[in-house]
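Per-entry structural report
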Amino acid sequence: MKGVRACMAKGAVEDAATLLLHLWAEDPDLRGLREASVELADRFPLSDSAAEVLRTAALSSAERGLLPAAEELARREVGVRRARCQAEPTPESLTAHVGALDVLASVQRARGEDEAVEACLTEVVEWQHDHGDRAGVAWALRELGVLAIEAGDLALAGRRLTRAVSLYREQADDPPVRLARAWCWVLLACVRWAEERPTEARVLLEAALGDLGDDDAAVDVLRLLEALDSGDDLPESVPVGAEFGQLSWV
């Protein structure tokens with residue numbers, strides 16, 4: 001650890017980060033490794049390399065079942081990424097910020113901290129909105145809608161998904177937008193189905209089919225329509241689940 005601190009003392013942040021990444025890969029149980037990783041971020045609060053060290057540290061800790069430590073390290077990475085966005089909001093820094101929030105939310109989900117996961121997504125919404133990324137806001141609202149479905153709050157899920165669809169409809173009508181919008185239609189249809197509003201659910205599923213066209217995913221929607229028309233209950237497995245906070249280290 002002396003070499004790491006010697007590099008930090010010289011201001012050689014890249015060298016210190018390289019050494020720490022090597023140590024995390026070789027011996028994650030090394031005494032003082034976590035503290036040195038946090039110290040690097042404290043000394044160089046806008047360093048992308050320091051943020052990468054914190055992410056590696058968080059994921060390595062999670063792999064070993066040290067979830068409280070992993071959460072704190074992931075939270076520190078979010079702090080660095082957020083500061084970088086505040087200093088220079090670029091597409092790259094914003095994407096890195098969302099990635100850091102995804103890591104944090106994944107650890108929090110593993111710990112059963114659903115409200116904390118929602119707070120991470122809310123931060124995504126705020127940052128994407130402030131920087132004019134309406135597609136990013138729509139995606140985050142969709143993920144918030146999935147969280148509400150998981151919590152059994154259908155009314156809240158419906159509001160969030162309706163807003164997400166509205167935002168997607170304002171985007172250029174290219175294939176990625178149509179695909180994203182289609183799955184919002186599907187999720188919203190499942191909400192209406194669960195609310196015992198089958199006519200609305202059918203209209204929404206048909207809208208999804210219109211967006212999907214010949215995509216292979218249309219088969220899942222057709223199966224849902226068949227189940228709806230036969231009067232069956234909503235299948236337990238919705239075709240689209242959460243994407244945010246789903247990183248796995250097992």
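To be clear, the structure that these remarks concern was listed above.
All values derive from a computational prediction rather than experimental measurement.

Turning to the nonpolar core, a few remarks are in order. One recurring pattern in soluble globular proteins: nonpolar side chains tend to sit buried together. Ranked by internal contacts, the top residues of the largest apolar core, which has 77 residues, are L20, L40, V186, L205, V221 and F244. The dominant element in this core, judged by the number of residues it contributes, is helix 10 (residues 175-194), at 13 residues. Setting aside residues up to four positions removed in sequence, L205 forms contacts with V186, A189, V221, L224, L225 and L228. Judged by nonpolar contacts, the second largest core, of five residues, contains L67, A70, V107 and W249.

Three or four residues apart is the spacing at which side chains of an α-helix point the same way, because the helix has 3.6 residues per turn. Relative to the 30 Å expected for 21 residues at 1.5 Å per residue, helix 5 (residues 67-87) spans 30 Å between its end C-alpha atoms, a close match to the ideal helical length. Among all positions in helix 5, only L67, A69, A70, E71, L73, A74, E77, V78, V80, R81, A83 and C85 are buried. Contact partners of the buried residues in helix 5: helix 3 (33-43), helix 4 (48-63), helix 6 (91-110) and helix 7 (114-130).

Right, let's get into the packing of aromatic side chains. What characterises a pair of aromatic rings is the spacing of the ring centres plus the angle enclosed by the ring planes. By the definition in use, this model includes one aromatic pair. Centroid distance W139 to F244: 6.0 Å. Interplanar angle 75°. Geometry classified as edge-to-face. Here the residue W139 occupies a position in helix 8 (residues 134-151), and F244 occupies one in the segment after helix 12 (218-229), the gap between them amounting to 105 residues. The partly exposed category is assigned to W139, whose relative accessible area is 22%.

Moving on, we get to the environment of S60. Looking at where S60 falls in the secondary structure, it is placed in helix 4. Since its relative accessible area comes to 9%, S60 is described here as buried. Through-space distance from the C-alpha of S60 to that of R160 is 34 Å; in sequence the pair is 100 residues apart. If we skip the residues at most four places from it in the chain, S60 touches W24 and P28.

Attention now goes to the side chain of S37. For S37, the position within the fold is in helix 3. At 2.9 Å, the side chain of S37 and the side chain of W24 are in polar contact.

The end-to-end C-alpha separation of helix 9 (residues 154-169) is 22 Å, in line with the 22 Å expected for 16 residues at 1.5 Å each. All of the buried residues in helix 9 are A157, G158, R160, L161, A164, V165, L167 and Y168. Buried residues belonging to helix 9 abut helix 7, helix 8 and helix 10.

With respect to the helices and strands, D102 occurs in helix 6. Here D102 occupies a buried position and makes no salt bridge, while the nearest side chain of opposite charge, R55, is found at 7.5 Å. For D102, the contacting residues outside a window of four places in its chain are E243, F244, G245, Q246 and L247.

Taken as a whole and assessed by the stated rule, the structure comprises 26 salt bridges. Across the pair E39 and R43 runs a salt bridge whose closest N-O atoms are separated by 3.0 Å. In this pair, E39 and R43 are both assigned in helix 3, four residues apart and thus about one turn of the helix distant. Between D211 and R181 there is a salt bridge whose closest N-O contact spans 2.8 Å. With D211 in helix 11 (residues 198-212) and R181 in helix 10, the pair connects residues that are 30 residues apart, well separated along the chain. A relative accessible area of 14% places D211 in the buried class. Taken together, the shared-partner salt bridges in this structure form one network comprising D48, E52, R55, E77 and R81.

Glancing now at the environment of L40. Position of L40 relative to the elements: it lies in helix 3. L40 sits in the buried class, given a relative accessible area of 0%. Residues L40 and H97, spaced 57 residues apart in sequence, show a C-alpha to C-alpha distance of 18 Å. When near neighbours in sequence (up to four residues on either side) are disregarded, L40 contacts M8, V13, A16, A17, L20, A50 and V53.

This part takes up unusual backbone geometry. A positive phi angle is found at E196, which is not glycine, with a value near 60°. The topology assignment puts E196 in the loop between helix 10 and helix 11.

Contact pair helix 3 / helix 5: the axes reach a minimum separation of 11 Å and the direction vectors enclose 15°. Considering the angle they form, helix 3 stands roughly parallel to helix 5. In the packing of helix 3 onto helix 5, the handedness of the crossing is left-handed. Residues R34, V38, A41 and D42 of helix 3 pack against A69, L73, R76 and V80 of helix 5.

Cut-offs applied
- Residues numbered from 1 in each chain as written.
- Predicted model: local features only at pLDDT ≥ 70, side-chain atom pairs only at ≥ 80, totals over all residues.
- Heavy atoms only, no water.
- Core = buried A, V, L, I, M, F, W, Y, C linked by side-chain atoms within 4.5 Å.
- Buried < 20%, exposed > 50% of the residue type's maximum accessible area, 1.4 Å probe, protein only.
- Helix = DSSP H or I, 4+ residues; strand = E, 2+ residues; numbered from the N terminus.
- Contact = heavy atoms within 4.5 Å.
- Expected span 1.5 Å × (residues − 1).
- Phe/Tyr/Trp six-rings, centres within 6.5 Å; stacked < 30°, edge-to-face > 60°.
- Polar contact = N/O pair within 3.5 Å; in protein donor to acceptor, adjacent residues only side chain to side chain.
- Lys, Arg positive; Asp, Glu negative; His and termini not counted.
- Salt bridge = Lys/Arg side-chain N within 4 Å of Asp/Glu carboxyl O.
- Axes fitted to C-alpha atoms, helices over the stretch in contact; angles between N-to-C directions.
- Parallel < 35°, antiparallel > 145°, perpendicular 65-115°, else oblique.
- Left-handed = near helix turned anticlockwise from the far one by under 90°.

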